[in-house]
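Residue-level structure breakdown
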Amino acid sequence: MISAATGAVALVVAPLALSHGVEHLVAAVVLGGVFQVALAAAGVARLMRFLPRSVMVGFVNALAILIFLSQVPHLVDVPWAVYGLLAAGLVVIVGLPRLTRVVPAPLVAITGLTVFTVAAGVAVPTVGDQGALPDSLPMLALPAVPPTWETLNIIAPYALALAMVGLIESLMTAKLVDDITDTHSNKTRESWGQGVANIVTGFFGGMGGCAMIGQTMINVKASGARTRLSTFLAGVFLLVLVVALGDLVGRIPMAALVAVMIMVSVGTFDWHSLRTLRRMPKSETTVMLSTVAVTVATHNLAYGVGIGVLVAMVLFARRVAHVVDVTSVLDPDGTTKVYRVSGQLFFASSNDLVFAFDYAGDPDTIVIDLSAAHIWDASTVAALDAITAKYAARGKTATISGMNEPSRIRHTALAGNLSGSH
């Protein structure tokens with residue numbers, strides 16, 4: 001999994017750099033790394049189990065769309081030669097793997113197009129046109145900010161946001177790599193590893209980062225990498241290319257990189273999800289589309305995932321709330337009526353429970369059988385209190401029976417102690 005500075009992190013920390021300067025940004029990166037280590041120790045990685053598949057599919061599809069959209073500016077108002085180079089690059093990336101997989105096709109495309117443009121003197125936008133590359137290594141130094149509570153109040157919100165966005169994107173990327181490689185990664189180790197990396201980065205003046213889904217897809221999917229050695233070498237090669245071979249890197253035509261990233265976006269998109277749209281439940285489709293829409297609109301994968309999870313929770317609660325059933329049986333002698341409640345009882349399903357009983361027409365003895373139900377929260381206990389209170393107000397006795405042990409413990413602890421239950 002390739003980690004470096006990402007757009008999602010940049011969106012979080014850019015306002016701090018604008019309002020208080022680079023030194024406060026660096027301090028926030030260090031603190032963000034500390035937060036990530038603390039969150040890893042607290043077991044935040046275990047929350048990944050609550051990510052529905054539809055959110056994951058939405059995350060992947062939104063990512064593919066963002067990768068593609070980020071290439072469009074490099075194809076507008078450019079010389080016609082760019083489109084020829086782009087087409088040639090796509091042909092190499094698609095066609096070469098059918099002949100041989102000894103050398104990664106993206107590397108061949110980038111090298112071949114660079115040699116061609118330099119040798120033929122073709123004038124097209126290059127990497128060097130995007131900005132100056134560094135020619136020296138960064139120095140280790142402490143952030144030049146006053147160690148005061150005021151400084152902490154300034155950087156803490158940005159640091160926490162950086163930590164959360166970085167962890168969400170990194171853990172989602174790790175899960176995606178797990179699916180592609182059929183392996184299981186240690187998400188807790190990934191989490192504190194990201195934190196340590198951000199702490200070190202901050203002390204060297206870096207802007208912080210997290211897992212880069214685009215580069216990771218190139219590494220794992222396009223190039224077939226399967227070990228951590230590939231991620232280590234990616235950093236080493238980048239350092240050598242930028243610092244020692246900056247002039248050479250600066251001559252790489254942007255068209256070559258655009259061709260690589262377009263194929264990455266095509267390979268990343270889950271095309272199967274489009275073919276199964278009609279067969280999927282509407283709720284699953286809604287979750288996926290909301291994740292895609294928010295991510296593409298904000299250009300922030302963390303926001304998209306957050307909204308997707310929220311929508312999934314609401315729709316799941318709505319679905320479960322409608323599977324509660326109440327049936328009643330009157331004893332032959334007419335003195336006792338038994339209500340049998342089945343299903344999961346929580347705030348969404350128990351609010352209507354109070355209307356399922358015939359308080360005026362029932363006999364003096366009522367039994368509420370919960371042997372096929374489970375009490376999950378205080379809202380349900382309050383609803384049961386309200387039901388028994390309504391019977392009591394009419395001089396009738398309602399008894400609750402059949403509760404399983406967790407439900408009984410929760411009911412015993414809360415019954416009669418909740419405000420508003422009369």
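So, here's what we can say about the structure. The residue count restarts for each chain, going from 1 along the sequence in the order it is written. The model is predicted, so local features are restricted to residues of pLDDT at least 70 and side-chain atom pairs to those at 80 or more, both for listing and for counting; the totals for chains, interfaces and linings are taken over all residues. By convention in this description, side-chain values take in all heavy atoms of the structure and omit both hydrogens and water.

A tally of helices and strands in the protein yields 17 helices and six strands. Only C-alpha atoms enter the radius of gyration, while the globule expectation follows 2.2 Å times N to the 0.38, with N the number of residues. The C-alpha radius of gyration computed for the protein amounts to 29 Å, which surpasses the reference 22 Å derived for 422 residues by more than 25%, pointing to a less compact arrangement than a globule. Seen through its C-alpha atoms, the protein measures out along the principal axes to roughly 100 × 55 × 40 Å. For every residue, the accessible area (1.4 Å probe, protein chains only) is compared with the maximum for its type, and the residue is labelled buried under 20%, exposed over 50%, or partly exposed between those bounds. Relative to its full complement of 422 residues, the protein shows a buried share of 42%. When contacts within the protein are restricted to residue pairs at least 6 apart in sequence, those whose partners lie at least 24 apart make up 82%. Accessible area for the protein stands at about 22300 Å²; split by element, carbon and sulfur atoms hold 67% of it. For the charge count, each Lys or Arg is scored as positive and each Asp or Glu as negative, with His and the chain ends excluded. The atom standing in for a charge is NZ when the residue is Lys, CZ when it is Arg, CG when it is Asp and CD when it is Glu. Charged side chains in the protein number 25 positive and 24 negative. The centres of these two groups are separated by 8 Å. In DSSP terms, a helix is any run of H or I states spanning at least four residues, a strand is any run of E spanning at least two, and both are numbered starting from the N terminus. Only heavy atoms enter the contact rule, under which two residues are in contact if any of them lie within 4.5 Å. Methods summary: accessible areas were calculated by the Shrake-Rupley approach with a probe of 1.4 Å, and residue burial reflects only the protein chains presented.

Under the pairing criterion, centres of Phe, Tyr and Trp rings, with the six-membered ring standing for Trp, must be within 6.5 Å; the plane angle then separates stacked pairs below 30 degrees from edge-to-face pairs above 60, leaving the rest tilted. Considering all chains together, one arrives at seven aromatic pairs under this definition. For the pair phenylalanine 269 and tryptophan 271, a centre-to-centre distance of 4.6 Å together with 45° between the ring planes defines the contact as tilted. The rings of Tyr339, Phe357, Tyr359 and Tyr391 are connected pair by pair, giving a single aromatic cluster. Counting as a charge over the ring demands two things of the Lys NZ or Arg CZ atom: a distance within 6 Å of the ring centre and an angle within 35 degrees of the ring normal. Lysine 390 extends its terminal NZ or CZ atom over the ring of tyrosine 359, reaching a point 5.8 Å from the ring centre.

A few words on unusual backbone geometry. Notably, aspartate 77 is not glycine yet its phi reads approximately 55°, a positive angle. Along the chain, aspartate 77 turns up in the loop between helix H3 (53-69) and helix H4 (80-99). By relative accessible area, which is 79% here, aspartate 77 ends up exposed.

Attention shifts here to the pairing of strand E3 (residues 325-330). Relative to strand E4 (residues 336-345), E3 is paired through six bridges, and the arrangement is antiparallel. For valine 329, the partnering residue across the bridge sits in E4 and is valine 338. Between E3 and E4, which follow one another and run antiparallel, lie five residues, and glycine 334 among them has a positive phi close to 75°. Two strands are counted as paired when DSSP detects at least two bridges linking them.

In this section: the layout of surface pockets. In this analysis a 1.4 Å probe is tested at points of a 1 Å grid over the protein atoms alone, and where it fits but cannot get out there is a cavity; an open set with protein on both sides within 12 Å along at least five of seven lines is a pocket; lining residues have an atom within 4 Å of a point. Grid points are joined across faces, edges and corners, and a volume is the space filled by probe spheres set on the points. Within this model, the second largest pocket holds a volume of roughly 500 Å³. Ile93, Pro97, Arg101, Lys221 and Ala222 are, among the 23 residues lining the second largest pocket, the residues nearest its centre. Counting residues per element, the ones that place at least two in the lining of the second largest pocket are H4, helix H5 (105-120), helix H8 (213-222) and helix H11 (254-268). Side-chain classes are defined by residue name, with Ala, Val, Leu, Ile, Met, Phe, Trp, Tyr, Cys and Pro counting as nonpolar, Asp, Glu, Lys and Arg as charged, and the others, Gly among them, as polar. Residues belonging to the lining of the second largest pocket are distributed by class as follows: 15 nonpolar, five polar and three charged.

What follows covers the environment of glycine 195. For glycine 195, the position within the fold is in helix H7 (residues 187-203). By relative accessible area, which is 0% here, glycine 195 ends up buried. Taking C-alpha positions, glycine 195 is 9.6 Å from glycine 208, a pair spaced 13 residues apart along the chain. If we skip the residues at most four places from it in the chain, glycine 195 touches Gly33, Gln36 and Val37.

Take the buried Ala, Val, Leu, Ile, Met, Phe, Trp, Tyr and Cys residues and link them wherever side-chain atoms come within 4.5 Å; each set so joined is a nonpolar core. If you look at the biggest cluster of nonpolar residues, it comprises 42 residues, and the most contacted ones within it are Leu51, Phe59, Met172, Ile213, Val264 and Val305. When residues of this core are traced back to their parent elements, those giving at least two are H3, H4, H5, helix H6 (149-181), H8, H11 and helix H14 (301-321). Per element, the largest residue contribution to this core is nine residues, and it comes from H11. Apart from the residues within four sequence positions on either side, isoleucine 213 is in contact with Phe59, Leu63, Thr173, Leu176 and Leu301.

Moving on, we get to the sheet that holds E4. An order of E3-E4-E5-E6 is seen for the four strands of this open sheet, with the pairing classed as mixed. Two strands bound the open sheet, and with one partner strand each, they are E3 and strand E6 (397-401). For this sheet, the mean inter-axis angle between neighbouring strands, taken without regard to orientation, is 20°. Sheet topology note: the E4/strand E5 (residues 365-375) ladder contains nine bridges and is parallel. To define axes, lines are fitted to C-alpha atoms, for helices over the stretch in contact only, and angles between the resulting N-to-C directions are given on a 0 to 180 degree scale.

A pair of packed helices is captured by two measures, namely the crossing angle of their axes and the spacing between those axes. Direction vectors running N to C along H6 and H8 enclose 15°, while the axes themselves pass 11 Å from each other. Judged by the inter-axis angle, H6 sits roughly parallel to H8. You can see that H6 and H8 cross each other, and the crossing is right-handed. On the side of H6, the interface is formed by Thr173, Leu176, Val177, Ile180 and Thr181, while H8 contributes Ile213, Thr216, Met217, Val220 and Lys221. Considering only residue class, the contact of H6 with H8 consists of six nonpolar, three polar and one charged. The cut-offs work like this: below 35 degrees is roughly parallel, past 145 is roughly antiparallel, 65 to 115 is roughly perpendicular, and the gaps in between are oblique. Left-handed describes a crossing whose near helix is turned anticlockwise from the far helix through less than a right angle; right-handed describes the clockwise counterpart.

Bringing the side chain of serine 170 into the picture now. One can find serine 170 in helix H6. We classify serine 170 as buried; its relative accessible area is 2%.

Moving on to a nonpolar patch on the surface. Taken together, Leu229, Phe232, Leu233, Val236, Phe237, Val240, Leu241, Leu245 and Leu248 make up a surface patch of nonpolar side chains, about 790 Å² in accessible area. Looking at the nonpolar patch element by element, the count peaks at seven residues for helix H9 (residues 228-244). Take leucine 229: it is sitting in helix H9. Relative accessible area serves as the criterion here: at 53%, leucine 229 is assigned to the exposed category. Residues forming no salt bridge and having over 30% relative accessible area are the ones grouped into patches, like charges within 9 Å of each other and nonpolar side chains (Val, Leu, Ile, Met, Phe, Trp, Tyr) within 5 Å. For salt bridges, the criterion is a side-chain nitrogen of Lys or Arg within 4 Å of an Asp or Glu carboxyl oxygen.

What follows is about the packing of helix H2 (residues 22-41) against H7. At a closest axis distance of 7 Å, the pairing of H2 and H7 adopts a crossing angle of 160°. When the axis of H2 is compared with that of H7, the two are roughly antiparallel. H2 and H7 meet at a crossing whose hand is left-handed. Here H2 contributes Val26, Val29, Val30, Gly33, Val34, Gln36, Val37 and Ala40 to the contact with H7, which in turn contributes Thr188, Ser191, Trp192, Gln194, Gly195, Val196, Asn198, Ile199, Gly202 and Phe203. For the contact of H2 with H7, the class distribution of residues is ten nonpolar, eight polar and no charged.

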